[in-house]
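Here is how the chains run, residue by residue.
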Amino acid sequence: MKNNRNKKNPVTEKLAKLAGGGNARKKVREKDYSFQACRKSEYHENAFSRFYTLPRKYDKSIRVKEDAENLHVVHFELREYKHRDAIDFAAKTWEWRNDSNTNQSILPRSADRNLLPTKCYYTFYDSIRAYYRVIAELEDKYILMACHTNLHGFHRGDLCFVEVTDRTITKQYGFSVIGKLFLGDIVSVSKLSKINNNPLDPPPRALKMNQESELIWEVAEMRVLERNFKERVVFAFMKTGLAIVKGFNEAMKVVFNETDSINFDSLYIGHAFVPVKLRYKFLEGYYTREQKLEVMKRSSKFVSCPSALGTVYRYQFSEKLTDQFRIGVDAFKIHHKFYPEDVTELCAQMGQSAVLTIFDGRSDSRLFLMQNCEKSDNVIRFSIPNPFKYPTEGLWNCNNRIKIEGYEKEFDGTIETVLPNEKDRLLQICARVSKESMKEIDFRYGRTYVVYQREPREASFLKNGFLKDEASWSNGARIIRTLYGGKSQRSEVLDYSQDPILSYVFPSDPPVPLNKYQNQYVQMITSRNYPMVLGSSPFGCGKSMTIVMAAITALKKSMGSQQILVTQSNYASVNLIDIARKVKNTDLKILRYVSERNWKELPDQCKTEFDKPVWVETTLRRLAYGEIPHGKDFSVRDVDLILAYFVRTPKKFLKDLLCELFKNRYSKNIGEICTIPVSKREKELFEICMKFNKRNVIVITADTLQSVPRGTKGMENVITIQIDEACQLPECTLISLLVQFPNANYGLIGDIQQLPPYCEDDLNGKLKEYGIGNTMERAIQQKMFPEAILRYVYRCHPKTTELLSELFYDGKLISGVQEEQRNEFMRKRPDIWPNPEYPLICVDNKDKGYKVGTSCANKTEKLLVKQIVQSLMEEKNGYKLHPSDIGVISFYAAQTTLLIDSFRGTQVKCGTVDAFQGSEREVIVLCCTNEKISEFMQLSNRLNVAMSRARQATIVIGNLKGLSEAKYWTTILKRAEENGCVVDTNKPPFQVVDRQLLEMDKIGEGRQEKSNPDPEEISEDLREAGKDTKKEMNNRKENKRGQGRKDKGAEKKSQNPGPSRQEPSESNEIHPKTAPSDDKNPKNDQNPQRNRRRGGRNREAATTKKKLEIPSNPVNSTENKENEAKPINPTEQNAQEALMKTGDSKQKNMQKQRGRNRQKTDKTGDLEKNAVEKPSELAAPSNEKRKRNRGRRMPRNKKGDNNQDPSGLNDEMKNLNAAEKK
């Protein structure tokens, strides 16, 4: 008993310490700050220590010296840095806690523009040090971030970020390093000093720190690690001032010469700094794979800084290279002093680097906190800052590949839409992520997420000498020389009268005979007499069927050969596969080549059973089960790799079904198998599958083709490569194909009267010409290769074909269908279509568009489109259009963004004209958006694509006055007027009422007023461990509701500003005007108890409402009366008291002020008095949750208007609010 009495209560001691008792103060004064004591303490407090070996004893006699000049790579030095070294540095900082930076003198800056030498003598095995990376450059300092999370763990947030200033001493130099470092530099810090005199104990939590936080430490002494320099790199300038560097797929920053001017068509030679990429955010030294996974899990909670862009720091103009660059495509045509092969290689290499940089590289290496986050329908919406000084607009664009980091994980995504918000200086972004990521991303509880652009994928670059080293007789070399001014490969097109064309029949059910123009193309491409054949195919001429028929014919002529079909988009790939599915009784074995990482991000409509990830999984499973005979030549290495593939996803196979070879290997070597990095050996898995389950037709996109490794086994027998929509193929991609498959025959099939290759505005001049180019147009105009022209149009209504043939094809097109095959919709929908014999109507929209950044949008047009699409999907006269039969095209990106959001989750496709090339729908709604018809809307190729997407009918929405004055549009409008197809806008669905626009504004404002919860208000324990109980999480929610409303409201708005009010957005409910902007529940003003918790209503207002005798919930008013009549039993009273105790802090303070000296009985009486006032969530026990949720719903009136309240409660509350404000 005595021992129990003398035993100290840990809870009491903790409370005494928090209260600052005498014993606690004595302990603080007596805290041991010796190195050994701090070292021991840091080791035990660091969350990573348990996964590493025990720290060594600090012994100064152990000195292993090594010359830092012998370290040729930074990775070697970082590899030698262990967890115990990080603990030593963290412990040493306690000795520097009183060292102020004011004791250090300010060093002079160097006038010499030369860089710092990076190799220096340094013994690091016995030194105290930590490694940091330069992540931001300000006028008078650099911000550095710790390279390893082991250094700070979760408890030392002060060590996450440090500063380098003019006081920082760099080893062996007596001047300041300000202006001498690059973003991405890695430094070894050996001493720190305090920036201010604030006490260090306790340090801030690490998860709360970011580069904009108030920093504690300044670097006192450091050393710059060896840098990675590239000498004499060749580069050219973009419009943004960044550099396109030959052999790199990412732009570089340039330190400009003060006196030099920039010429975009010139080449320069300079020296470049390339940042070293760190493999992990944590240190090596763990024992098992399980420990590594735990370390990765904890490290992933911290934000990682993306690798910085490289820097060109010293350069000069190159006259020789510039002269070669300007010769370009005339290398083999004109006489000059250079070798034509050198000119061709230089231009092709620079063009390839430009295309890879623009379409696959990063244009911005910054990391941003995601604001206003929400998710729905496999997409996430968020905002990032768009500052005036360094804007993000123009750097964050559609199809940019991004990485999102958040609560313990990171996710890949692709930007779908970007909308600038000029008012709040934000970019509103909508991004597409995989289904697995959507399940794991959670924006609740104020969790912090950051976003940055992904680093580029590995690409195969054109090497020096790729043309010189290639045999001159190969098809690839012959085609490249012809493209750069060499001898034409064109022969006379086959004469029908002298050399009869063979007839081909597409083997579907029923069989489809090809027309004579299609037969001509198939015969030319399969004859192998021509290295390249051009197939001019206007819209809807059956080119996809022609391509598949050519592949089938080539396989019959050459058994065991392979074909590659290249498309420009995933949708086009699916279209080709759908046509190939119709083939019967052939040896066609299709594979759609797409990486597993990209495949996960594709929407479901872009996935097929022929996709590479599905095929690989099926083939490997059949090999492991013994369903595919593999013989004795199956290596142990391959067996281990296949088993590692399935161990990564154990649900995909059954261990008991393994064949004997795999089962024995699995039982004996499971430990080593688990350590195999499967993701890095995707190429080997593909080669194994091709060896035992070979495919002979490979469908691939042009973008994916850039990342296919050269020399991949299983693709050695490619004899024919056909490129669909070849008019959009970048020239550098074609040259890469020619180099990779020099002996194949090529077919370019497309339409030069449609859109050329897409190109960002950042690329212009010679870089655009050699990288993007317009190969097919140049080849046809200069008659470089033989050409087959398709003329029969099978897609459009005959009168649509006639109109477009007259406008863009000199009347040469022939309709291949009858009107009865393309007018079913118009015949059965006379309520919409005025003349069933003409497939075009025009809708007059007099509303002016408004600017959104550099683009344009239109509210009325958006509403019109929604009404029209809704009407189109109604069933009339036994005919109904499905959502997948309808397409909405807009010329403006901003309007496209609004339309995509409106129809998200449906099968209605919305997109720009570029996105619709190669697609078709039964009915197309074409949006002109702006009152004035811009010049780009009058381009023949763009208008041709927009008007040729519909099989049956096209609906044009635009300002008729503007259309009547625009090129080409005048003819289109005139034909519509002649056929009585200018519709009456006073009848639905073409009528827009002002009330509808007003409702759209209210919906938009209600949605835009939402803001993200402030991450700083959420406990770090929830983010760090995620071990909180449900009760504790509910307490946090109550605290966030009450305390954050008044005190944090303004701060939230400034930190996380909402979307722009310029753009209306869709919502399922209309928010009343009385609801505060920060409140996500618009009915809160109808609840006095909730108002008191928010701190925005006084006691007198609640009493006034009680006198009015208005029930808190009009829907459940009867239920409330029953509750009012019932006496409160002790159980309910205890529940009420418990709920009151778990309320927010503001409510508790108000209760204390009203009755600090009251007795417990008085409190009980107050509870009974206010029982009627409390909402059902406070008055009812917890098991009444369903009734509470139903009680929150507001009734709708007969007209379905959410704003009108039949009980008159809203009017009473408006009067009440006005009285309170006075």
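Residues numbered from 1 in each chain as written. Predicted model: local features only at pLDDT ≥ 70, side-chain atom pairs only at ≥ 80, totals over all residues. Heavy atoms only, no water.

In the annotation of an unreviewed UniProt entry, the protein is listed under the name DNA2/NAM7 helicase-like C-terminal domain-containing protein and assigned to Caenorhabditis brenneri.

What to know about the side chain of Asn519
Counting through the fold element by element, Asn519 comes out in helix α12 (residues 516-527). Owing to a relative accessible area of 4%, Asn519 belongs among the buried residues under this scheme. Among all residues touching Asn519, those that are not within four sequence positions of it are Ile501, Leu502, Ser503, Tyr504 and Leu514. (Helix = DSSP H or I, 4+ residues; strand = E, 2+ residues; numbered from the N terminus. Buried < 20%, exposed > 50% of the residue type's maximum accessible area, 1.4 Å probe, protein only. Contact = heavy atoms within 4.5 Å.)

Examining the pairing of strand β17 (residues 426-433)
For β17, a buried count of 7 out of 8 residues is recorded, marking the element as mostly surrounded by other parts of the structure. As paired strands, strand β14 (residues 379-385) and β17 are joined by 7 bridges and run antiparallel to one another. Note that in β17 the partner of Pro385 across the bridge is Leu426. In this sheet, β17 lies alongside strand β16 (residues 410-421) in antiparallel orientation, the contact comprising 8 bridges. (Pairing = 2+ DSSP bridges.)

Describing the packing of helix α9 (residues 340-359) against helix α22 (residues 731-740)
The contact between α9 and α22 brings their axes to 9 Å, and the two run at 120 degrees. Put simply, α9 runs oblique to α22. Classified by chirality, the crossing of α22 by α9 is left-handed. The residues of α22 that touch α9, namely those facing Ala348, Gly351, Gln352 and Val355, are Cys732, Ile735 and Ser736. Split by residue class, the contact of α9 with α22 holds 4 nonpolar, 3 polar and no charged. (Axes fitted to C-alpha atoms, helices over the stretch in contact; angles between N-to-C directions. Parallel < 35°, antiparallel > 145°, perpendicular 65-115°, else oblique. Left-handed = near helix turned anticlockwise from the far one by under 90°. Nonpolar A, V, L, I, M, F, W, Y, C, P; charged D, E, K, R; others polar.)

Quick notes on the environment of Val219
As for its position among the elements, Val219 is in strand β6 (residues 217-224). Leaving out residues up to four positions away in the same chain, Val219 has contacts with Leu144, Val162, Glu163, Val164, Thr168, Val189, Lys191 and Leu192.

Focus: the pattern of salt bridges
The final tally for this structure, using the stated rule, is 50 salt bridges. Of the charged contacts, one joins Glu77 and Arg223 as a salt bridge, the two residues approaching to 2.4 Å between their closest N and O atoms. Of this pair, Glu77 sits in helix α5 (residues 74-79) while Arg223 sits in strand β6, placing them 146 residues apart in sequence. With respect to burial, Glu77 and Arg223 carry one shared label: buried. Among the ionic pairs, Arg597 bridges to Asp412, the shortest N-O distance being 2.8 Å. You can see Arg597 sitting in helix α15 (residues 596-601) and its partner Asp412 sitting in strand β16, a full 185 residues away along the chain. Using a relative accessible area of 16% as the deciding quantity, one classes Asp412 as buried. Several salt bridges converge on common partners, so that one network encompasses Glu374, Arg381, Glu416, Arg432, Asp901 and Arg904. (Salt bridge = Lys/Arg side-chain N within 4 Å of Asp/Glu carboxyl O.)

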